[in-house]
Amino acid sequence: MDNEKEKYSLIDWIGSLIGFVVIGFIVFILLWPLIDPTPDKSSSLKENIHKAIGK
């Protein structure tokens, strides 16, 4: 029967949208070092750790 087809509710659409935004943000953060437009590039994670612990 056609009436048994499951339909997405508004809450499901909002949840899916939030999921896509979060995944997009994570991918953007992971790719940022490759597309960083600043002339001297951002510090690497290793450099930031050394600065934080004072070595």
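In this report, the structure presented in the accompanying data block is examined. (Residues numbered from 1 in each chain as written. Predicted model: local features only at pLDDT ≥ 70, side-chain atom pairs only at ≥ 80, totals over all residues. Heavy atoms only, no water.)

## Some remarks on the overall build of the protein chain
So, step 1. Helix and strand counts for the protein chain stand at two helices and zero strands.
So, step 2. Of the roughly 5,600 Å² that the protein chain leaves accessible, carbon and sulfur atoms contribute 69%. (Helix = DSSP H or I, 4+ residues; strand = E, 2+ residues; numbered from the N terminus. Areas by Shrake-Rupley, 256 points an atom, 1.4 Å probe, with all protein chains shown as cover.)

## Some details on the packing of aromatic side chains
Aromatic ring pairs are described here by two measures, namely the spacing of the ring centres and the angle between the planes.
So, step 1. One pass over the structure, following the stated rule, counts one aromatic pair.
So, step 2. Ring geometry for Phe 28 against Trp 32: centres 5.4 Å apart, planes inclined by 45°, an arrangement best described as tilted. With Phe 28 and Trp 32 both in helix 1 (residues 10-35), this residue pair falls four residues apart, about one helical turn. (Phe/Tyr/Trp six-rings, centres within 6.5 Å; stacked < 30°, edge-to-face > 60°.)

## Some thoughts on helix 1
So, step 1. Compared with an ideal rise of 1.5 Å per residue, which puts 26 residues at 38 Å, helix 1 spans 35 Å between its outermost C-alpha atoms and is within 8% of the ideal.
So, step 2. Ile 29 marks where helix 1 bends most, by close to 35°; the proline Pro 33 follows one to four residues later. (Expected span 1.5 Å × (residues − 1). Bend = angle between axes of the 7 residues up to and from the residue.)

## Let's talk about a nonpolar patch on the surface
So, step 1. Side chains of Ile 23, Phe 25, Val 27, Phe 28, Ile 29, Leu 31, Leu 34 and Ile 35 sit close together on the surface and give an oily, nonpolar patch of about 810 Å² of accessible area.
So, step 2. Accessibility expressed as a relative area gives 40% for Phe 28, which makes it partly exposed. (Patch = residues over 30% accessible without salt bridge, like charges linked within 9 Å, V, L, I, M, F, W, Y side chains within 5 Å. Salt bridge = Lys/Arg side-chain N within 4 Å of Asp/Glu carboxyl O. Buried < 20%, exposed > 50% of the residue type's maximum accessible area, 1.4 Å probe, protein only.)

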